[in-house]
Amino acid sequence: MSPVRPVILAVDDYAEVLAAVERDLRQRYRADYRVLGATSGEDGLSAIRELKERGVPVALFLVDQRMPGMNGTDLLIEARKFYPDARKVLLTAYADTEAAIASINAVGLDHYLMKPWTPPEERLYPVLDDLLSTWTSTTRPAYDGIRVAGSRWSRQCYQVKEFLSRNNVPYQWIDIDQDAPTRELVQSISPDLSALPVVLFPDGGHLTCPNPTELADRVGLRTRATMPFYDLVVVGGGPAGLANAVYGASEGLRTLMVEQSAPGGQAGTSSRIENYLGFPSGITGADLAARATAQARRFGAEILTAQQAVGLRREDPYRIVTLADGSEVSAYAVLIATGMSVRMLEVPGIEPLLGAGVYYGAALSEAAACRDADVCVVGGANSAGQGALFFARYARKVTMLVRASGLRPSMSHYLAARIETTPNIEVLPGMQVASVEGNGHLERAIIRDVHSGRESPLDMSAMFIFIGAAPRSDLAAGVVARDEKGFILTGPDPSRRGGKPEGWPLERDPFLFETNVPGVFAAGDVRSGANRRVAAAVGEGSAAIYTIHKYLEAV
Ligand SMILES: Cc1cc2nc3c(=O)[nH]c(=O)nc-3n(C[C@H](O)[C@H](O)[C@H](O)COP(=O)(O)OP(=O)(O)OC[C@H]3O[C@@H](n4cnc5c(N)ncnc54)[C@H](O)[C@@H]3O)c2cc1C
């Protein structure tokens with residue numbers, strides 16, 4: 001990212017005086033600072049607001065005291081709210097000396113300069129050199145990317161952070177409860193702070209409490225298909241969908257992948273996948289997702305993010321997918337790889353605390369906020385184990401609440417062994433959450449012994465829930481056959497005579513991964529009988545391309 005030049009802002013209502021100040025400032029400081037001017041206190045204040053919104057640092061205000069409307073001292077009082085560290089200098093006439101002295105206390109004035117300041121080498125530069133060098137030595141370099149400003153305990157703020165980080169969009173998080181100048185700025189955009197977060201962009205624009213599609217559009221992620229027709233539409237961008245898109249595009253199919261959130265799926269939320277072939281020391285789900293997404297794009301697959309598929313229908317020979325924005329895309333073949341969604345923990349008190357201390361999955365964007373805190377992981381399977389190990393790197397203590405009598409029945413041996421030897425993880429077997437409590441954010445859970453029913457409080461600032469998942473197959477409801485739990489059925493049906501599934505219209509049997517609607521395929525966790533592992537999903541997504549090719553040969 002290119003470094004932002006800090007600003008020196010000069011304000012004077014006399015155009016000739018302002019021009020002279022700007023000229024002298026530029027002559028000496030133009031290499032390191034941008035010199036800006038304003039001809040009134042009011043204009044100066046709106047320039048200050050705009051600079052703050054764009055994340056541009058201001059090093060120095062050089063402001064005339066006597067101006068109609070807002071005078072210099074009043075302007076500096078306002079300016080200090082946005083830029084408390086900037087140096088403040090008043091330009092005064094002899095008659096204003098008293099006001100300048102009073103201002104030293106009112107605004108923490110650094111200096112006042114008498115007009116005229118000529119020659120600047122003697123009467124201007126030595127003072128400003130000194131002030132600017134102390135500013136430089138005490139100020140961190142400015143961040144000139146996307147900034148997300150909000151409150152730590154807001155669900156919408158959490159969702160925006162998660163969306164950006166899962167889509168690999170760099171951003172800086174600013175907690176307005178810890179940063180008064182940014183709070184001031186956010187209040188000027190969202191006066192009662194009801195709509196948070198405010199996402200500030202380097203070009204000076206902002207979005208208030210954006211939904212994923214607005215955010216995706218603004219940060220340059222593709223949300224709309226470029227063509228009306230494709231050979232293959234892949235619904236879902238988890239490991240199965242990504243693998244299918246990589247193979248489809250690499251083998252010359254015009255391929256569109258539609259993902260409602262961020263590529264990576266459940267695997268993308270994993271803090272470390274250790275059993276995926278070829279990564280002996282493990283790989284984070286985010287890294288795996290980023291690599292696979294880049295690979296799919298390199299082969300020419302088109303990827304939509306923040307776009308949900310909401311309908312599927314058949315108009316032979318086409319399969320038509322309806323998207324949440326009402327648009328439609330057609331293809332010869334569709335692969336459903338919509339995976340599973342987390343199961344909800346239904347206990348009293350949980351709803352208002354979601355995103356405010358209570359999170360589903362690993363919520364990696366919250367890791368830094370857990371430093372030295374007490375947190376809790378609910379669940380006893382592999383994903384819970386990975387989560388506990390991940391948060392143990394940050395938290396003071398991680399308590400695992402496991403309903404079963406221990407970790408071993410449901411967790412891989414290697415993970416259980418690591419948890420048992422991690423000193424700041426405590427496993428509480430036979431325990432479940434009875435309710436959660438907190439004022440605006442999670443403070444404690446009431447936990448219950450599953451055998452005795454005895455309840456006790458457990459203080460915590462964050463709870464991460466990993467209690468299983470259910471298939472995400474609503475899109476297929478009423479269109480393709482599903483089993484009693486909602487998983488999509490594929491391939492020949494061994495329970496029926498001739499092996500053909502119900503409603504199957506063709507002479508041939510369905511191909512492997514083909515549903516009971518010809519040309520509609522399913523792979524990964526959403527498929528009935530799937531193995532529910534990253535490698536299995538990748539394998540199914542890849543192998544499904546072979547049968548999709550066979551289908552396309554006959555269309
Ligand atoms: C925290 C965690 C850790 C895990 N760790 C491991 C591990 O270490 N090793 C291992 O082998 N397995 C692990 N798993 C399991 C593994 O991640 C899954 O088996 C795998 O991700 C399944 O891939 P999938 O592509 O079938 O579905 P998913 O990963 O569930 O992806 C489905 C995608 O489809 C999208 N989608 C759903 N509906 C729609 C729609 N209507 N329109 C558009 N998009 C839609 C979803 O947003 C999602 O991105 C873990 C799972 C979790 C939750």
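Use the structure listed above.
Note that the structure is a prediction, hence the values are computed from the model and not measured.

## Quick notes on the pattern of salt bridges
A complete count under the given rule lists 28 salt bridges for this structure. Linking aspartate 12 and lysine 115 is a salt bridge whose minimum nitrogen-to-oxygen distance equals 3.6 Å. Separated by 103 residues along the polypeptide, aspartate 12 in the loop between β1 (7-11) and α1 (15-29) and lysine 115 in the loop between β5 (111-114) and α5 (120-123) bring together distant segments of the chain. Judged by its relative accessible area of 28%, lysine 115 falls in the partly exposed class. When the shortest N-O distance is used, the salt bridge between arginine 224 and aspartate 217 registers 3.4 Å. Each member of the salt-bridge network shares a partner with another, and the members are Glu437, Glu443, Arg444 and Asp459.

## Considerations on the layout of surface pockets
Over the atoms, a rolled probe matching the size of one water molecule traces out where space is still vacant. Of the voids in this model, the second largest pocket is the one considered here, and its volume is about 690 Å³. Lining the second largest pocket are 25 residues, with Lys52, Thr139, Arg140, Ala142 and Asp179 sitting closest to its centre. Elements represented by at least two residues in the lining of the second largest pocket include exactly α2 (41-53), α6 (125-138), β7 (171-175) and α8 (180-189). Top element by residues in the lining of the second largest pocket is β7. It accounts for three residues. Counted by class, the lining of the second largest pocket contains 15 nonpolar, five polar and five charged residues.

## Notes on the packing of aromatic side chains
What the rule picks out here adds up to 13 aromatic pairs. Taken together, a centroid distance of 6.1 Å and an interplanar angle of 15° make the contact between tyrosine 276 and phenylalanine 279 stacked. On the accessibility criterion, phenylalanine 279 (23% relative accessible area) is partly exposed. Of the aromatic side chains, those joined through ring pairs into one cluster are Tyr158, Tyr359, Phe390, Phe391, Tyr394 and Phe464. The ring of tyrosine 83 has lysine 52 lying over it, and the distance from NZ or CZ to the ring centre is 5.1 Å.

## Here's the deal with the nonpolar core
In terms of nonpolar packing, the biggest core is built from 34 residues, with Ile48, Phe61, Val63 and Tyr83 touching the most fellow members. Among the elements of the structure, β1, α2, β3 (58-64), α3 (72-82), α4 (97-107), α8 and β8 (198-200) are those that each provide at least two residues to this core. Broken down by element, the residue count for this core peaks at four residues, all from α3. Once you skip the residues sitting within four places of it in the chain, tyrosine 83 turns out to touch Ile48, Leu51, Lys52, Val56, Pro57, Val58 and Phe61. Counting residues in each nonpolar core, the second largest holds 27 residues, with Ala367, Val375, Val377 and Val398 among its members.

## Observations regarding the sheet that holds strand β22 (residues 444-449)
Across the sheet, which stays open at both edges, the three strands sit in the order β21-β22-β23 with antiparallel pairing between neighbours. At either end of the open sheet lies a strand with only one pairing partner, and these are β21 (431-437) and β23 (455-459). Within the sheet, the average angular offset between the axes of one strand and its neighbour, ignoring direction, is 30°. Relative to β23, β22 runs antiparallel, the two sharing five bridges. Its bridge partner lying in β23, arginine 444 is registered against aspartate 459.

## Focus: unusual backbone geometry
A cis amide bond links lysine 115 with the next residue in sequence, proline 116, at an omega value of -10°. Following the sequence through the fold, proline 116 ends up in the loop between β5 and α5. The peptide bond linking aspartate 316 to proline 317 adopts the cis configuration, its omega dihedral lying at 5°. Residue position: proline 317 is located in the loop between β13 (309-315) and β14 (318-323). Residue asparagine 168 is not a glycine yet carries a positive backbone phi of 60°. Residue placement: asparagine 168 occurs in the loop between α7 (155-166) and β7. At cysteine 209, a position not held by glycine, the phi torsion is positive, near 45°. One can find cysteine 209 in the loop between β9 (206-208) and α9 (212-219).

## What about the packing of helix α13 (residues 382-392) against helix α14 (residues 413-420)?
Viewed as axis vectors pointing N to C, α13 and α14 meet at an angle of 35°, and their least axial separation amounts to 10 Å. Crossing of α13 over α14 shows left-handed handedness. For the pair α13 and α14, contact is made by Asn382, Gly385, Gln386 and Leu389 and by Leu415, Arg418 and Ile419, respectively. Counted by class, the contact of α13 with α14 contains three nonpolar, three polar and one charged residues.

## Thoughts on the sheet that holds strand β20 (residues 425-429)
Taking strand neighbours across the sheet as the criterion, the five strands line up as β17-β24-β18-β19-β20 in an open arrangement whose pairing is parallel. The open sheet has two edge strands, β17 (358-360) and β20, and neither has a second partner. Neighbour-to-neighbour, the strand axes of the sheet open up by a mean angle of 20°, direction not taken into account. The sheet contact formed by strand β18 (residues 374-378) and strand β24 (residues 462-465) spans four bridges and is parallel. Residue pairing across strands places cysteine 376 opposite methionine 463, the latter belonging to β24.

## Describing the site of the ligand
In the neighbourhood of the ligand, 33 residues make up the surrounding shell, with Glu259, Gln266, Gln386, Asp525 and Val534 lying closest. Measuring from an oxygen atom of the ligand, one finds a backbone N or O atom of proline 239 at 3.2 Å. A distance of 3.3 Å is found between an oxygen atom of the ligand and a backbone nitrogen or oxygen belonging to methionine 340. Contact with the protein chains hides 93% of the accessible area of the ligand, taken as 1,000 Å² for the molecule alone. Elements supplying a minimum of two residues to the shell around the ligand: α10 (239-250), α11 (265-268), α13 and α15 (534-553). Counting residues per element, the shell around the ligand draws most heavily on α11, which supplies three residues. By residue class, the composition of the shell around the ligand is 12 nonpolar, 16 polar and five charged.

Calculation criteria
Residues numbered from 1 in each chain as written. Predicted model: local features only at pLDDT ≥ 70, side-chain atom pairs only at ≥ 80, totals over all residues. Heavy atoms only, no water. Salt bridge = Lys/Arg side-chain N within 4 Å of Asp/Glu carboxyl O. Helix = DSSP H or I, 4+ residues; strand = E, 2+ residues; numbered from the N terminus. Buried < 20%, exposed > 50% of the residue type's maximum accessible area, 1.4 Å probe, protein only. 1 Å grid on protein atoms, 1.4 Å probe; cavity = no way out; pocket = protein on both sides within 12 Å on 5 of 7 lines; lining within 4 Å. Points joined across faces, edges and corners; volume = space filled by probe spheres on them. Nonpolar A, V, L, I, M, F, W, Y, C, P; charged D, E, K, R; others polar. Phe/Tyr/Trp six-rings, centres within 6.5 Å; stacked < 30°, edge-to-face > 60°. Lys NZ or Arg CZ within 6 Å of the ring centre and 35° of its normal. Core = buried A, V, L, I, M, F, W, Y, C linked by side-chain atoms within 4.5 Å. Contact = heavy atoms within 4.5 Å. Pairing = 2+ DSSP bridges. Axes fitted to C-alpha atoms, helices over the stretch in contact; angles between N-to-C directions. Left-handed = near helix turned anticlockwise from the far one by under 90°. Near = heavy atom within 4 Å. Polar contact = N/O pair within 3.5 Å; in protein donor to acceptor, adjacent residues only side chain to side chain. Areas by Shrake-Rupley, 256 points an atom, 1.4 Å probe, with all protein chains shown as cover.

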